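If you want the building blocks of each chain, they are given just below.
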Amino acid sequence: MRTLIVVRSLKMGGMERVAVNLADAFAEAGHESHLMVYRECDQGLAPTHSDVKVHVFSLRWWQRLTGIGLLIELISRLLLNPLVRRSLFVWTGWLGGYLLRAWLWYFEKKYGRLDRIIFRGIGTFELVWSYRDERARFVLENKLPTGEKSWRYKLFAHCLFPGKHLVAVSHGVAESASLAQEKWAFTPASLSVIVNPCPVGRIRELMTEPLLDIPSEPYIVNVARLVSQKDHALLLRAYAKAAPKEALVIVGEGPLRSSLEQQASELGIAGKVYFVGYQANPYPWMHHARLFVLSSRVEGMGIVLTEALACGTPVISVDCPGGIREVLKGELENAIAEHSDSGLAEKIRIFLQGPKPLINDDWLQDFLPTKIVERFLETPITRWEYIDDSH
């Protein structure tokens, strides 16, 4: 089949990494795989499979070039967006959808008709929200804010979701989408659950790359952007309470780095906590770690947990809303900690006792790219109700 993955950009992030992994997986399965972004990044991700074709559709530039798009953007930024917070996409996305149709017409004239179009994340498809097509799948990467009942969220939902085939990355995300349907009164074409792929083979190749600055002594690792959602503040408090002999290595960059470094100093653990910044290949850091710890406030699925397991490293996570239980199920349920610094500290102490345990590859079977590709190429059951088929 001929497939197209659409993602806002290829900046270094979890959603973007999953988009690249999925494009690679389609190519690996023998399909014609294309990947399209709205803007280029100087230092970004790239597919590893040589058959994946990458395209750039400069959406904002084309919108402004139409003239009316520039006028709408100016009115939206100066007047409408201040009146209705975060509503810029509402006023500009309808034109974005028509421009996307034009781009796809040109694309299909050159390459042939697409069989499947996959939009990764609300941030990607909100910019073209008027676009609808039976071949399209719109992936929800995170839980919807169903605690909000305002007319503003109802307006957003009526732009984004009606008549579309929605795909949630976990049952937790699907449950929030089902609840949102009731609260905000919209009806999608379907709602299904397809987890994010974990390219186990590729990860195991990358994890063996030599790195000179990896600690020689045992350490605990966390890999995440330094933003509030990942709650590194909780991780630092838990680490200070657990007081293990192992150092803590935090791989990632973000706006909270300086405040987290200050917190580590205040907790008296600065000498044992290493902020190593962004790493193009984080897998050696995962592979050589004694333990991987996730402390997020919410996770759409927690693909980083499967990546750590693929690296042969045991994992623990706080019990947060979203999809970590998509990964930590069965034998792995004991890796879930109470969502508190004391609960996480206790789990860290327990998991550091004894030798590093072996990882069972059966835990990763549901996340193999071949299975995810098959799911995306299925014809969905047309229904608006979310049915939990996980049991």
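Note: the structure precedes this text.
Computed from a predicted model, the values in this text were never measured in an experiment.

## Looking at the packing of helix H9 (residues 232-242) against helix H14 (residues 341-351)
So, point 1. H14 packs onto H9 with a crossing angle of 55 degrees between their chain directions and a minimal axis gap of 8 Å. Considering the angle they form, H9 stands oblique to H14. By crossing handedness, the relation of H9 to H14 is classed as right-handed. Counted together, Leu234, Leu235, Arg237, Ala238, Lys241 and Ala242 of H9 and Asp341, Ser342, Leu344, Ala345, Ile348 and Arg349 of H14 form the full contact between these two elements.
So, point 2. Partitioning the contact of H9 with H14 into residue classes produces 7 nonpolar, 1 polar and 4 charged.

## A short note on the sheet that holds strand E4 (residues 116-120)
So, point 1. Strand order in the open sheet formed by 7 strands is E3-E2-E1-E4-E5-E6-E7, with parallel pairing between adjacent strands. If you trace the sheet from one side to the other, it starts and ends with strand E3 (53-56) and strand E7 (190-193), each paired once. Averaged over all pairs of adjacent strands, the angle between strand axes in this sheet comes to 25 degrees, irrespective of strand direction.
So, point 2. Bridge analysis of strand E5 (residues 136-140) against strand E6 (residues 165-168) gives 4 bridges, and the strand direction is parallel. From the neighbouring strand, Leu140 faces E6, where its bridge partner is Ala168.

## Details of helix H3 (residues 68-83)
So, point 1. Between its first and last C-alpha, H3 extends 21 Å over 16 residues, near the 22 Å set by a 1.5 Å rise per residue.
So, point 2. When H3 is considered as a whole, its buried residues turn out to be Gly69, Ile72, Glu73 and Ser76.
So, point 3. Turning to H3, the residues buried within the fold contact helix H2 (59-65) and helix H4 (88-111).

## What to know about the state of the cysteines
So, point 1. In this structure the tally under the stated criterion is 0 disulfides.
So, point 2. Of the cysteine sulfurs around Cys320, a residue in no disulfide, the closest is that of Cys198, at 18 Å.
So, point 3. On the basis of relative accessible area, Cys320 is assigned to the buried category, the value being 7%.

## Description of the environment of Phe161
So, point 1. Tracing the chain through its elements places Phe161 in the loop between helix H6 (151-160) and E6.
So, point 2. For the pair Phe161 and Gly343, spaced 182 residues apart in sequence, the C-alpha separation works out to 38 Å.
So, point 3. Setting aside anything within four residues of it in sequence, one finds Phe161 in contact with Ile122, Phe125, Leu140, Leu144, Leu166, Phe186, Thr187 and Pro188.

## Observations concerning the packing of aromatic side chains
So, point 1. Inspection of the entire model under this criterion finds 14 aromatic pairs.
So, point 2. Aromatic pair Trp61 and Trp62: ring centres 5.0 Å apart, planes at 90 degrees, arrangement edge-to-face.
So, point 3. Note on Trp62: relative accessible area 41%, which makes it partly exposed.
So, point 4. For the ring pair Phe125 and Phe161, a centre distance of 6.5 Å and an interplane angle of 70 degrees mean the geometry is edge-to-face. Placement of the pair is Phe125 in helix H5 (residues 122-125) and Phe161 in the loop between H6 and E6, with a sequence separation of 36 residues.
So, point 5. Residue Phe125 is classed as buried on the basis of its relative accessible area of 0%.
So, point 6. Pairwise contacts between aromatic rings join Phe119, Phe125, Tyr131, Phe138, Phe161 and Phe186 into one cluster.
So, point 7. The aromatic ring of Phe138 is capped on one face by Lys164, whose charged end is 4.7 Å from the ring centroid.

## What about the sheet that holds strand E11 (residues 291-294)?
So, point 1. If you trace the 6 strands from one edge of the open sheet to the other, you get E10-E9-E8-E11-E12-E13, paired in parallel fashion. Two strands bound the open sheet, and with one partner strand each, they are strand E10 (273-277) and strand E13 (336-337).
So, point 2. Sitting on the sheet, H14 touches strand E8 (219-223), E11, strand E12 (315-318) and E13, and the angle it makes with E12 is about 170 degrees.

## As for the packing of H9 against helix H10 (residues 257-266)
So, point 1. Here H9 crosses H10 at 15 degrees, and the two axes come no closer than 10 Å. When the interaxial angle is binned, H9 and H10 end up roughly parallel. Of the two elements, H9 crosses H10, and the hand of that crossing is right-handed. On H10, the residues touching His232, Ala233, Leu236 and Arg237 of H9 are Leu260, Gln263 and Ala264.

## Some points on the nonpolar core
So, point 1. Among the nonpolar cores identified, the biggest contains 129 residues, and Phe119 and Phe292 are the most heavily contacted of them.
So, point 2. Setting aside residues up to four positions removed in sequence, Phe292 forms contacts with Val221, Asn222, Val223, Met286, Val304, Leu305, Ala308, Thr313, Pro314, Val315 and Ile316.

Criteria and thresholds
Residues numbered from 1 in each chain as written. Predicted model: local features only at pLDDT ≥ 70, side-chain atom pairs only at ≥ 80, totals over all residues. Heavy atoms only, no water. Axes fitted to C-alpha atoms, helices over the stretch in contact; angles between N-to-C directions. Helix = DSSP H or I, 4+ residues; strand = E, 2+ residues; numbered from the N terminus. Parallel < 35°, antiparallel > 145°, perpendicular 65-115°, else oblique. Left-handed = near helix turned anticlockwise from the far one by under 90°. Contact = heavy atoms within 4.5 Å. Nonpolar A, V, L, I, M, F, W, Y, C, P; charged D, E, K, R; others polar. Pairing = 2+ DSSP bridges. Expected span 1.5 Å × (residues − 1). Buried < 20%, exposed > 50% of the residue type's maximum accessible area, 1.4 Å probe, protein only. Disulfide = S-S within 2.5 Å. Phe/Tyr/Trp six-rings, centres within 6.5 Å; stacked < 30°, edge-to-face > 60°. Lys NZ or Arg CZ within 6 Å of the ring centre and 35° of its normal. Core = buried A, V, L, I, M, F, W, Y, C linked by side-chain atoms within 4.5 Å.

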